[in-house]
Amino acid sequence: MVQAGYVTDVVYGSAYTPSQAPIQLACAAMAAGVRAPDPRDAFNYLELCCGNGLTLCVLAACYPHARFHGVDFNGVHIAMARELAQRGGLDNVSFEHADLVDAHAIAARSLEFISVVGAFSWLDDARQQAVFARAASGLREDGLLHIHYASLPGAAQSDALHNALCLIAPAKGQSDHRLKAALATMADLVGTEAKFFSDNPVAARRLREAMANPAADEAHEIFSRGAGPRWFAQMYEMAAARGLTPVAEADTQAPIWAADTQAAEAIRNQTLRDIQLNRSARQDVYARAGVALAPQPSAFLESLRWYAHPRCRTQPTAYAARLSLSPSDAALFFSALAAGHGAREVECALGRPSAPVFLAAAHQGFIRPLVARTPVPAHPDPRLSAFNAYALELGLRQNSSIPLAATAVGTQIVLPLVDRLRLFVVCGGATDALLGPLDASSRALYEEALSESALAAFRDSALPELHQLGVLEVLG
Ligand SMILES: C[S@@+](CC[C@H](N)C(=O)[O-])C[C@H]1O[C@@H](n2cnc3c(N)ncnc32)[C@H](O)[C@@H]1O
């Protein structure tokens, strides 16, 4: 079943998308020299097509001083999102069951961030225009719009495959069943060795992936046709018609700066880059055309803390050449970040300006900006405070932009307390200090929850799921 061209009869299993984090969006804009809201201050964040709300709930848990609102027209997704928020005890996130064109009116210029991920290319033309129109009226003067979309030419091969699967799928039936039937027909009649697939290896890979895992998610991607993939130039035009301009990429943190006078150049450069990289998707950040330049982008960048990928922390010298650093400077750089130092301290350690190193490292995905690490607020439950303190000490962090101390708040959403304790133990935490103060009967309950067999079951079931969700990565 489809609504407004989009699959609604099967559930989409959303994952956490780190690039939607406000700090990531602000940092990308600031690094491009564009003024942006500082996510350490209060802000309002709207996600259109929010799915089951996982990303928004994690963000709401990690930015308790901000307000988040998600809109989706799939009632099951919205029910899942509301349940998640309730389980996490989050009172700064709300969800609305509506088509994005009918969503509640947004007060003019009241939003700092709008994000649309995994949905834009699957919307029809009118709804794509509506996304830009909402951003144009709803965003604050320096607000940012983030759109993830299927981009050309990279997405052309998979788009051709998706079109073919739509053509050969049975006309009726539940979307995931229709997809399985279409994939079976494709496998039986032509297989992955057909000339189209040998000529178009990306399509061949997509077909193999869909055959290996014909999940409901694939049905969303393949049967929701919408306007399809776009060239960067088309996105630029749509944005420009609403007084917006692309300024940076959220995922790679690369600047775009397409101010009016340089539009043609920006379009040419981005298009050549898309051809060179053959990416199938882009994540662009748009600001109001003519938005003021950041008065001191370097001051903003300097005030941030950074998360370094575990690989870079353990083998810093392997990444030296890609940062144009000597092996010893690369070791200095990553160990300074691991110690929680910011740009200023790194600059002192290197003895020269560090901004180019930070930007190159962020661009290549070696590091990510963190919300400034403020002391973890004491949780009313002393066991949780101890958990947070221990987590920070151990350097356990999310694989994205959020330290585990914040994630520990976030994991209330996906993990009940006993599972958080299990995680703590699996990560090497000693429970004496946590369980000691409890009375005998509650201690016995927790001890049972932490028995060898319970921990083994947790390792087998919950840990892989957490990794799959992208919520947790355990360093060390
Ligand atoms: C592929 S999912 C992505 C969900 C989430 N953003 C994520 O990245 O995990 C696309 C979502 O867009 C929603 N959607 C599609 N068209 C919509 C519309 N016109 N109005 C509101 N939601 C829509 C779908 O219901 C679905 O939940």
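Residues numbered from 1 in each chain as written. Predicted model: local features only at pLDDT ≥ 70, side-chain atom pairs only at ≥ 80, totals over all residues. Heavy atoms only, no water.

Draft legend 1. Here's a closer look at the overall build of the protein. A tally of helices and strands in the protein yields 22 helices and 11 strands. Evaluated residue by residue, the protein yields a buried proportion of 53% over its 476 residues. For the protein, long-range pairs separated by at least 24 residues make up 76% of all intrachain contacts whose partners lie at least 6 apart in sequence. With the model as given, the accessible surface of the protein reaches about 19900 Å², and the carbon-plus-sulfur share is 56%. (Helix = DSSP H or I, 4+ residues; strand = E, 2+ residues; numbered from the N terminus. Buried < 20%, exposed > 50% of the residue type's maximum accessible area, 1.4 Å probe, protein only. Contact = heavy atoms within 4.5 Å. Areas by Shrake-Rupley, 256 points an atom, 1.4 Å probe, with all protein chains shown as cover.)

Draft legend 2. Focus on the sheet that holds strand E6 (residues 111-116). The 7 strands lie next to each other as E5-E4-E3-E6-E7-E9-E8, forming an open sheet whose pairing is mixed. The open sheet has two edge strands, strand E5 (93-97) and strand E8 (244-249), and neither has a second partner. Shown here is a sheet whose adjacent strand axes are inclined to one another by a mean of 20 degrees, direction ignored. Across 6 bridges, the pairing between strand E7 (residues 139-150) and strand E9 (residues 281-288) is antiparallel. (Pairing = 2+ DSSP bridges. Axes fitted to C-alpha atoms, helices over the stretch in contact; angles between N-to-C directions.)

Draft legend 3. Seen up close, the environment of Ile275. When you line up the elements, Ile275 lands in helix H11 (residues 263-277). Sequence separation of Ile275 and Gly154 is 121 residues, and the distance between their C-alpha atoms is 7.2 Å.

Draft legend 4. Representation of unusual backbone geometry in the model. Note the cis peptide between Leu152 and Pro153, where omega equals 10 degrees. The residue Ala4 is not glycine, and still its phi comes out positive at about 50 degrees. Within the secondary structure layout, Ala4 lies in the loop between strand E1 (2-3) and strand E2 (6-7). Although it is not a glycine, Arg109 sits at a positive phi angle of roughly 50 degrees. Here Arg109 lies in the loop between E5 and E6.

Draft legend 5. Quick look at the pattern of salt bridges. Tallied over the entire structure, the rule returns 21 salt bridges. The partner of Asp38 in a salt bridge is Arg40, with the nearest N and O atoms 3.0 Å apart. We classify Asp38 as partly exposed; its relative accessible area is 24%. Owing to a relative accessible area of 25%, Arg40 belongs among the partly exposed residues under this scheme. (Salt bridge = Lys/Arg side-chain N within 4 Å of Asp/Glu carboxyl O.)

Draft legend 6. Region of the structure containing the site of the ligand. Taken together, the neighbourhood of the ligand is formed by 19 residues, with Ser14, Cys49, Asp72, His77 and Val117 sitting nearest. For the ligand, a nitrogen atom lies 3.4 Å from a polar atom in the side chain of Glu47. Between the ligand and the protein, one listed contact pairs a nitrogen atom with a backbone N or O atom of Cys49 at 2.9 Å. A total of 600 Å² of accessible area belongs to the ligand in isolation, and the protein chains cover 96% of it. Taken together, the residues that form the shell around the ligand break down as 10 nonpolar, 5 polar and 4 charged. (Near = heavy atom within 4 Å. Polar contact = N/O pair within 3.5 Å; in protein donor to acceptor, adjacent residues only side chain to side chain. Nonpolar A, V, L, I, M, F, W, Y, C, P; charged D, E, K, R; others polar.)

Draft legend 7. A look at the packing of helix H6 (residues 175-189) against helix H9 (residues 216-223). H9 packs onto H6 with a crossing angle of 80 degrees between their chain directions and a minimal axis gap of 9 Å. Looking at the two axes, H6 sits roughly perpendicular to H9. Where H6 approaches H9, its residues Ser175, Asp176, Arg178 and Leu179 are matched on the opposing element by Ala216, Glu218, Ala219, Ile222 and Phe223. Here the residues of the contact of H6 with H9 sort into 5 nonpolar, 1 polar and 3 charged. (Parallel < 35°, antiparallel > 145°, perpendicular 65-115°, else oblique.)

Draft legend 8. Spatial organisation of the packing of H6 against helix H8 (residues 201-212). One way to put it is that H6 packs onto H8 with a least axis distance of 10 Å and a crossing angle of 125 degrees. Classified by the angle between their axes, H6 and H8 sit oblique to one another. Between H6 and H8 lies a crossing of left-handed hand. Within the contact between the two elements, H6 uses Leu183, Met186 and Ala187 and H8 uses Leu207, Ala210 and Met211. Here the residues of the contact of H6 with H8 are counted per class, giving 6 nonpolar, no polar and no charged. (Left-handed = near helix turned anticlockwise from the far one by under 90°.)

Draft legend 9. Broad picture of the nonpolar core. Core analysis: the biggest nonpolar cluster contains 66 residues, and Tyr63, Phe68, Phe95, Trp306, Phe333, Phe334 and Ile367 have the highest contact counts within it. When residues of this core are assigned to their parent elements, the largest contribution, 8 residues, is made by helix H2 (residues 54-62). For this core, the two domains that each supply at least three residues are domain 1 (2-153 + 228-288) and domain 3 (297-370). (Core = buried A, V, L, I, M, F, W, Y, C linked by side-chain atoms within 4.5 Å. Domains from an automatic or database assignment.)

Draft legend 10. Representation of the environment of Trp231 within the structure. Relative to the assigned elements, Trp231 resides in the loop between H9 and helix H10 (232-241). In this structure Trp231 comes out as partly exposed when scored by relative accessible area, which is 35%. Separated by 80 residues in the primary sequence, Trp231 and Ser151 place their C-alpha atoms 5.6 Å from one another.

Draft legend 11. Fine view of the packing of aromatic side chains. Using the criterion set out here, one finds 11 aromatic pairs in the structure. Ring centres of Phe132 and Tyr286 lie 5.5 Å apart, and the angle between their planes is 90 degrees; this geometry places the pair in the edge-to-face category. Of the two residues, Phe132 is situated in helix H4 (residues 125-138) and Tyr286 in strand E9; the sequence distance between them amounts to 154 residues. By way of ring pairs, the aromatic residues Phe43, Tyr45, Phe68 and Phe113 are connected into one cluster. (Phe/Tyr/Trp six-rings, centres within 6.5 Å; stacked < 30°, edge-to-face > 60°.)

Draft legend 12. Broad picture of the side chain of Gln253. With respect to the element layout, Gln253 can be found in the loop between E8 and H11. You can call Gln253 buried: its relative accessible area is 6%. In terms of polar contacts, Gln253 uses its side chain to reach the backbone carbonyl oxygen of Gln24, at 3.0 Å. Setting aside its immediate chain neighbours within four residues, Gln253 contacts Gln24, Cys27, Ala28, Ala362 and Pro369.

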